[in-house]
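# Chains, contacts and geometry: an overview
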Amino acid sequence: HIQDPASQRLTWNKPPKSVLVIKKIRDASLLQPFKELCVYLTEENNMIVYVEKKVLEDPAIANDENFGPVKKKFCTFREDYDDISNQIDFIICLGGDGTLLYASSLFQGSVPPVMAFHLGSLGFLTPFNFENFQSQVTQVIEGNAALVLRSRLKVKVVKEHREKSSVQNGIEENGVVSANLEKEVGKQIMQYQVLNEVVVDRGPSSYLSNVDVFLDGHLITTVQGDGVIVSTPTGSTAYAAAAGASMIHPNVPAIMITPICPHSLSFRPIVVPAGVELKIMLSPDARNTAWVSFDGRKRQEICHGDSISITTSCYPLPSICFRDPVSDWFESLAECLHWNVRKKQNNFAVEEEE
């Protein structure tokens, strides 16, 4: 039995009490919608509202005396310092697609349902308009909405960690003769949950990137070019689409591998099953290092001996739909990417019979 995407619905075990409001920073046009939404949530629905501390430091909010009573009710947090993952029932995003990616990064485990309002420049992942936000938010609180589970990638970066010891004339500080000026002090391991894509590129180097891609332990290819994109179906309409990949509906269980400007005409983008484990490493004979980023953030250098392991995460992002998963996706293709927009071919004029 293949599940119908439209069968995924939002249902609450108990009425939601807390909501995280994510607002795009440094965007004056979002101040009024943000204030209206927060007043509606706190006063009309008696919700506990969580807001990032740096949002409230905006002078237009900090100096607004009328907004003061509402602001005092907020619970605040700081990214990378406070863990709020177990305190949020659902999330509301105000901004563009980057706002949803940021919300995803805050939850490295299970993610609450996300309701995203289109107030940014693109809006492919943000299906809601803010004009009738009261009725739409009420529907979500009542549990009357369709869901699409957007798969994420679980990424593990393992770095060989070396440090130089203080050596003079081949003798360390403790008097022990040292044959090697560098010593192994273990490995550094970092993990990320990625909604769009992992990008490995050549960074500032003028040489081609030269990285090996393994699938379930088997070397499948070496990427020589500007780099490679490993993306989710959600990320297939982002950087991968610009690099020539197919656009895949978020309900399709898959991982996409897309080369960036490959130095081979036959290197085409491929789609592999969700659940396989990909591993990316610098080729042993690579001239230079590579650089990696995760949804455009946490950019870092990858050296010889380092590895990037990627597989499908067991923690998807539940995105609340405006209508349903299929209608929303094709609406986004038409509105945001102008997919297959062209003038229609004229029909033949029917000649009247004499």
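Residues numbered from 1 in each chain as written. Predicted model: local features only at pLDDT ≥ 70, side-chain atom pairs only at ≥ 80, totals over all residues. Heavy atoms only, no water.

### Describing unusual backbone geometry
With a phi close to 55 degrees, N46 is a non-glycine residue in the positive phi region. With respect to the helices, strands and loops of the structure, N46 is situated in the loop between α1 (31–44) and β3 (48–52). Residue D295 is not a glycine yet carries a positive backbone phi of 55 degrees. (Helix = DSSP H or I, 4+ residues; strand = E, 2+ residues; numbered from the N terminus.)

### Here we look at the domain arrangement of the protein
For the protein, the assigned domains read domain 1 (9–151 + 316–337) and domain 2 (153–161 + 186–312). The gap between the C-alpha centroids of domain 1 and domain 2 is 30 Å. Taken residue by residue, the interface counts 21 residues in domain 1 and 18 residues in domain 2. Summed over both sides, the interface of domain 1 with domain 2 buries roughly 1600 Å², with 57% coming from carbon and sulfur. Its largest share of buried area at the contact with domain 2, domain 1 owes to L101, S151 and W329, together 37% of the area lost on that side. Seen at the junction of domain 1 and domain 2, the total is one salt bridge. R297 is the salt-bridge partner of E79, the closest N and O atoms lying 2.6 Å from each other. At the boundary of domain 1 with domain 2, the tally comes to four residue pairs in polar contact (both at pLDDT 80 or more). Within the residue set of the side of domain 1 that touches domain 2, elements represented by two or more residues are α5 (97–105), β7 (145–150) and α8 (325–336). A class-by-class count of the residues in the side of domain 1 that touches domain 2 yields 14 nonpolar, four polar and three charged. (Domains from an automatic or database assignment. Contact = heavy atoms within 4.5 Å. Buried area = accessible area lost by both parts, 1.4 Å probe. Salt bridge = Lys/Arg side-chain N within 4 Å of Asp/Glu carboxyl O. Polar contact = N/O pair within 3.5 Å; in protein donor to acceptor, adjacent residues only side chain to side chain. Nonpolar A, V, L, I, M, F, W, Y, C, P; charged D, E, K, R; others polar.)

### Quick word on α1
The terminal C-alpha atoms of α1, which comprises 14 residues, lie 19 Å apart, in line with the 20 Å expected from a rise of 1.5 Å per residue. For α1, every residue scored as buried is listed here: L31, P33, F34, K35, L37, C38, Y40, L41 and T42. (Expected span 1.5 Å × (residues − 1). Buried < 20%, exposed > 50% of the residue type's maximum accessible area, 1.4 Å probe, protein only.)

### Side note on the pattern of salt bridges
Applying the stated rule across the entire model yields seven salt bridges. K54 serves as the salt-bridge partner of E52, at 3.8 Å between the closest nitrogen and oxygen. In this structure, R202 and D226 form a salt bridge, with 2.7 Å as the shortest nitrogen-oxygen distance. One end of the pair, R202, is in the loop between β12 (197–201) and β13 (209–215); the other, D226, is in the loop between β14 (218–225) and β15 (227–231), with 24 residues separating them in the sequence. Overall, R202 belongs to the partly exposed group, its relative accessible area being 24%. Taking relative accessible area as the criterion, D226 reaches 24% and is therefore assigned partly exposed.

### Regarding the sheet that holds strand β19 (residues 290–294)
With antiparallel pairing, the six strands of this open sheet are ordered in space as β17-β16-β15-β12-β19-β20. Either end of the sheet is taken by a strand with one partner, and the two such strands are β17 (270–273) and β20 (297–302). The sheet shows a mean angle of 20 degrees between the axes of neighbouring strands, taken without regard to direction. One ladder, built from five bridges, connects β12 with β15; its direction is antiparallel. Looking at the pairing, E197 lines up with S231 of β15. (Pairing = 2+ DSSP bridges. Axes fitted to C-alpha atoms, helices over the stretch in contact; angles between N-to-C directions.)

### Side note on empty space enclosed by the protein
This model, assessed by the stated rule, comprises two cavities of 30 Å³ or more. Volume-wise, the largest cavity comes out at about 100 Å³. Every residue lining the largest cavity is counted, 14 residues in all, and those nearest its centre are V148, R150, P325, D328 and W329. Contributing elements (two or more residues each) for the lining of the largest cavity: β7, β22 (317–320) and α8. A total of four residues in the lining of the largest cavity trace back to one element, the largest contributor, which is α8. Quantified by volume, the second largest cavity comes out at close to 30 Å³. (1 Å grid on protein atoms, 1.4 Å probe; cavity = no way out; pocket = protein on both sides within 12 Å on 5 of 7 lines; lining within 4 Å. Points joined across faces, edges and corners; volume = space filled by probe spheres on them.)

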